[in-house]
Structure formats: structure tokens, C-alpha cells
Amino acid sequence: MATEVTTLVEETFASKSNSGVKLPIYMDNHATTPVDPRVLKEMVPYFTDLFGNAASRNHSFGWAGEEGVETARERIAKLIGATPKEIVLTSGATESDNLAIKGVAEMYREKGNHIITAVTEHKAVLDTCKRLEKYGYRVTYLPVQKDGLVDLDDLKRAMDDKTILVTIMAANNEIGVLQPIAEIGKLCHEKGVIFHTDATQAVGKVPMDVNKQNLDLVSISAHKMYGPKGVGALYVRRKNPRVQLSPIIDGGGHERGMRSGTLNVPGIVGLGKACAICHEEMPQESVRLAGLRDRLKNKIMSGLDEVYINGSMEHRLPQNLNISFAYVEGESLLMGINDVAVSSGSACTSATLEPSYVLKALGTGDDLAHSSIRFGIGRFNTEAEVDYVAERVTETVQRLRELSPLYEMAKEGIDLKSVKWAAE
Amino acid sequence: MSYSDKVIDHYNNPRNVGSMDKSSSEVGTGLVGAPECGDVMKLQIKVNPQTNVIEDAKFKTFGCGSAIASSSLATEWVKGKTIDEALAIKNTEIVKELALPPVKIHCSVLAEDAIRAAIGDWKKKQGAATPETVGAKA
């Protein structure tokens, strides 16, 4: 099955570049990752021979399914320093974010109605908070500093006696910036506030430990760490403090009543294996990917002037690079490197026709937000691919700058900010 | 979203890229759009004052592939036309020629604006009345 699909992709898109790398190159690993063949191999039997419902308690088919699920639960827990009973299986991180935020909001309604989050969160968190505002909750959206990090003093000031939840992501999906979650968690615990972190981009990439980092709720997704799509988990702390949630999906009482619905056994097995591989290989993999990322950055920056890194380089996922190429519009750049899959913060590539709200929150001007490209380096990228991408990006930016009236004006010494643009 | 073959062709082989002397009395320059909006087009025309025929046209564009293609096509279309004929070019014709999807219609509008702005600038230099001055000035 996998081979057939791979063949189809190859027949449709694949070609060889002069440098010998196989095209197209996938370097958009914050959007999704391919399933690791080792993960797929463990999943396959659960579609066929081991198809039982993990909730069937009376026969071996059910027991086999349950065993697969419980092994996975242990592996997920191990990756973040939790216990298996604290792992609630879901359909993915969006559901986990919804369950964490809405679940706390409803359960702790009598204690308070105030939630704190940050402006650079994923829409799964922001839109959930916006919905709660309609139901009478108060939400504080913390700004971020120029490097993308929240200011702990801002957080302290925002907390009051009605605050029940702080939800701040571990790693940003666009700029890869790592928030100081251990410090945020500590602050929350001092004030008796529950701390949720959307760790979709962080789990499996950087070390995480729910106790050392003072985390109460952690959203996890399989498909960002070489597992399948449509499966994820929510870590829910059971002691110090015990966190309780109102479910958002009612039904057969699966997952200790917190998430009803027949378990996606093959997907969960895949998530478990993905976690086990990340746990095993993270020390070497994060070093290798940081090396590739820095190689890409250095090659691009040595070939081009006026390129700007978005977000902190110090507090950042090893896999992520987000760069703005001044005077070049992002979508046209993507079009020029069409054998490389990356993404852009340009308005032209978004459904809303607005440039990236994350970059805007950093204080990046709209012009540079339009010029941004996100590179997400992954497990299956090679040094030869990085070199090819750096070369293609450099030559395409140079070509588009020759085509850009803004570049011409800047070279003539005109301050673009002083120009009175007609379309404003 | 995929691009039409014509957009890809103009993107890969843009026609009439370049700049002309904007201080020349025969040259009209239109600069439309804004960097904050993700699109800026500069379109220049060189007009024969005896015949009012556009003898040459050049462009430079900051924008997406559809914006580059729209302005590249605009330079092709205005060349050889009189200024009155060029003023009759409608953005809808650009949309049709390049098979632009609805979200890219603004690119064609900007190209039409650029033509009008360039002609307006040229007319101003000729001391004529200026019905259209949609340009930006540095």
C-alpha cells in the first residue's frame, strides 16, 4: 500500500536535479511530517488482524486492541515524563486544545472566569478563547517581545484572583520560538492557576518533562512527529494539583469520561511508536537538524543582503528557520522555488489575505511579513537537499529583486518609508 | 492553488523588464500599490509626441506571480497602441487572458491602475489636462 502511494507521488512530481537530489524536496515539516516507515510498520496489523475495539472486554480481539493502546499510552507518557493514566487520547492537537481550555473553563467556572493566553498562539487556542469570551469569560491576550517571547512580568501583572487558566504554547508553529514554559508553569503554580501548553511543535523535538516544567495540561499531535494524522493526546495532571476537566464530547465514557468515542487504535499505536522513536533519537536528531538549519541559514545569509531572521535564534526549535527577504514578495518566491515545499507568511498564501499575525505581533512590518518564508527541516532531509534549497532560494531572490521596483528604489537611496504610496 | 500556464510563462519569462529615464519628457511613469499590501507595480511608457503612440514600455513589480504576470502582460498590450487605445484596456481583459482566479483580480486592477498612472504622468509632462493621476510620488 505504502509503496503504491509513493510510486504515485514519484510519477506525479518527481524529477532529479542536476545536483542529484530527488525533487520535489519537502521542507515544510511544521505543517506535517511523513509517517516514519517504522511507525507505519507497527500500525499496519491493527488495521487487519488486530482490528478489535479496545473497549471490548470480553474477547481476545478487544484485548489485543487494548494492549496496543496501553503500550502506546506508556510510550507517550514516557516522552514527557508523565504517567500513562494522565494521557487522554484525542483526534489531534486542535481537539486537545479545545478540551483543555473549554474543559477547564467549564469545570472551574465557579472559581473564576479569567483566561490568559498570548497573541502568537495557534488559532486552535485563540479561536477557542474567543468563543469563551462570547460565553462571558474574560481573556487577556499577552503581547510578545520583538524576539517572540512573552514577558513574565506581563504575565504576572495580568493574573488576578479570577484567573483560572494560562495557556501559552511551548514552540511557535511559524517562527519556532520556545516560550519559557517552565517559568510560566512555576508562576502559575505559585498562584494556584492551571497551566496548559500547546506543545504540538515541541513534543518529540525538544526535551519536555511535565514535572520539571510545571505543566498541567499538554496538547500533543502525532503527525508533527512522524506519526499519522488524526490522532493526538492531552496530558492531564493527576496530582499536585489534580486537574479536572469537563468533557466536550459525550458518549460511551471512554478515556475516563474525558473523551468519549471508540479509540483510533492504529493511529494511537502509531503515535506511541512515533513517541518512542523521538525519545530514543532526540539527542542525536536535534543536533543533526540544528546543524542543517544553521547550514541553510549561513548559506542564505552569505549569498544575500537584507535578509532578516524572524524570532529569537537562541530560544528556538532546532528544526525551524523563518526569514524575510526584503523587496521580494513571499508567494512569488515560492513560485520560483516550486520544486521545494516551504511556506510563507505572505497574505497571498493565506485564506484571509492578511499577512502572518505572528510576524505582525513581533513588530515585523507588513512589508517584511509579506516577504517571509518558513523552512521546517525534518528527519528525512539531507545536507544535499539543504544545499540545493539554499542555492535555489538565493538565485530566485536575486532574480526577483532585479524585477522589484522596491529594490531599485532602495538602491537609489530612496527611503521606502517616506514614500506616499497610492494604495494606502 | 495552481497557476495558469500563461501566468507561469510571464513569471518565468517576464516581458519588458526594466526602467527608463523618468525625467525624460517622453516617458510617463506609473507607480501603484504599497509594500504593506504586498504589491507594488512600476510601469513606464515612452510615447511619440507626434503620433501619441506608445513606442516602448517597461515594468518592475514587487508582488505575487499573478501581479508580475499582469504587469508583464500590460506592457505587451500597451506597446504600439495610442494612449487613448491604451486607456481603453480593462482589468477584466487581463483577468480573462491570464485566467486569474477571484482572489487575484486585484492584481489586474493594479495593472490597469499602473497603465493609467503612467499615461497620466506623461500627459502632465505634456502640459495637458490630467484626468487620471493614480500615481505615487517619491
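This structure is a prediction, so every number in the text was calculated from the model and none was measured.

**Q** Looking at this structure, I do not really get the overall build of chain B. What am I missing?
**A** A tally of regular secondary structure across chain B gives five helices and three strands. Each helix and strand of chain B, placed in order from N terminus to C terminus, yields the pattern α-β-β-β-α-α-α-α. Here chain B has a C-alpha radius of gyration of 14 Å; the compact-globule value for 138 residues is 14 Å, and the two agree. Once the C-alpha set of chain B is aligned to its principal axes, its extents read approximately 45 × 30 × 25 Å. Counting across all 138 residues of chain B, residues that qualify as buried make up 49%. For chain B, the proportion of contacts with a sequence separation of at least 24, taken over those separated by at least 6, is 61%.

**Q** Could you clarify how one ought to interpret the sheet that holds strand β7 (residues 163-167) of chain A in this entry?
**A** Two orientations exist for strands paired in a sheet by backbone hydrogen bonds: parallel and antiparallel. Residues and elements named next belong to chain A. Ordered by their spatial adjacency, seven strands build an open sheet running β4-β10-β9-β8-β7-β5-β6, and the pairing between neighbours is mixed. Two strands in the sheet have a free side with no partner beyond their single neighbour: β4 (87-90) and β6 (138-142). With direction set aside, neighbouring strand axes in the sheet form an average angle of 20°. Of the pairings in the sheet, the one linking strand β9 (residues 217-221) to strand β10 (residues 232-236) comprises five bridges and is antiparallel in character. Bridged to serine 221 within β10 is glycine 232.

**Q** Honestly, the packing of helix α4 (residues 91-98) of chain B against helix α5 (residues 105-125) of chain B in this entry has me stumped. Any pointers?
**A** In a packed pair of helices, the relevant descriptors are the angle between the two axes and the axis-to-axis distance. All names here are of chain B. Put simply, α4 and α5 touch, their axes get as near as 8 Å, and they point 130° apart. With respect to α5, the element α4 is oriented oblique. Note that α4 runs across α5; the crossing there is right-handed. Of α5, the residues touching α4 (which contributes Asn91, Ile94 and Val95) are Ile105, Ser108, Val109, Ala111 and Glu112. In terms of residue class, the contact of α4 with α5 is built from five nonpolar, two polar and one charged.

**Q** I keep staring at the packing of helix α8 (residues 265-303) of chain A against helix α12 (residues 383-402) of chain A and nothing clicks. Help me out?
**A** Residue and element names in this part refer to chain A. Contact geometry for α8 and α12: axes closest at 9 Å, N-to-C directions at 25°. Considered as vectors, α8 and α12 are oriented roughly parallel to each other. When you trace α8 past α12, the crossing you get is right-handed. For the pair formed by α8 and α12, the contact residues are Leu292, Arg295, Leu296, Lys299, Ile300 and Gly303 on the first element and Glu383, Val386, Asp387, Val389, Ala390, Val393 and Thr394 on the second.

**Q** Would you mind going over the pairing of β7(A) with me for this structure?
**A** In the case of a regular strand, side chains alternate between the two sheet surfaces. Residue and element names in this part refer to chain A. Of all five residues that make up β7, five are buried, and the element is covered over most of its length. Examined bridge by bridge, strand β5 (residues 114-118) and β7 share three bridges and lie parallel to one another. What sits directly across from histidine 114, in β7, is threonine 163.

**Q** How do you make sense of the domain arrangement of chain A when you look at a structure like this?
**A** It is common to report an interface's size as the accessible area lost on association of the parts. Residue and element names in this part refer to chain A. For chain A, the assigned domains read domain 1 (2-35 + 282-414) and domain 2 (39-277). Centre-to-centre separation of domain 1 and domain 2, based on C-alpha positions: 29 Å. Counting only elements with at least two residues in the side of domain 1 that touches domain 2, the list comes to α8, β12 (320-325) and α10 (357-361). Across the side of domain 1 that touches domain 2, the residue classes tally to eight nonpolar, 14 polar and three charged.

**Q** Looking at this structure, how should I read the sheet that holds strand β14 (residues 343-344) of chain A?
**A** Taken in spatial order, the four strands of this open sheet run β11-β12-β15-β14 (chain A), and their pairing is antiparallel. Looking at strand neighbours, the two that pair on one side only are β11 (307-309) and β14 of chain A, the edges of this open sheet.

**Q** Where do I start with the interface of chain A and chain B in this structure?
**A** Tallying the contact residues gives 25 residues for chain A and 27 residues for chain B. Listing elements by their share of the side of chain A that touches chain B, those giving two or more residues are α9 (330-336), α11 (366-370) and α13 (405-411) of chain A. At four residues, the largest contribution of residues to the side of chain A that touches chain B is made by α13(A). Tallied by class, residues from the side of chain A that touches chain B come to 14 nonpolar, four polar and seven charged.

**Q** Which parts of the structure should I look at to understand the environment of Gly103(A)?
**A** Residue and element names in this part refer to chain A. Along the chain, the position of glycine 103 falls in helix α4 (residues 93-107). Take glycine 103: there are 25 C-beta atoms within 10 Å of it, and that puts it in the buried class. Distance in space between the C-alpha atoms of glycine 103 and tyrosine 135 is 14 Å, their sequence separation being 32 residues. Other than its neighbours up to four places away in sequence, glycine 103 contacts Leu245, Ser246, Pro247 and Ile248.

Parameters and conventions
- Residues numbered from 1 in each chain as written.
- Chains lettered and ligands numbered in written order.
- Predicted model: local features only at pLDDT ≥ 70, side-chain atom pairs only at ≥ 80, totals over all residues.
- Helix = DSSP H or I, 4+ residues; strand = E, 2+ residues; numbered from the N terminus.
- Rg over C-alpha atoms; globule rule 2.2 N^0.38 Å.
- Buried ≥ 20, exposed ≤ 12 C-beta atoms within 10 Å, placed from the backbone.
- Contact = placed C-beta atoms within 7 Å.
- Pairing = 2+ DSSP bridges.
- Axes fitted to C-alpha atoms, helices over the stretch in contact; angles between N-to-C directions.
- Parallel < 35°, antiparallel > 145°, perpendicular 65-115°, else oblique.
- Left-handed = near helix turned anticlockwise from the far one by under 90°.
- Nonpolar A, V, L, I, M, F, W, Y, C, P; charged D, E, K, R; others polar.
- Domains from an automatic or database assignment.

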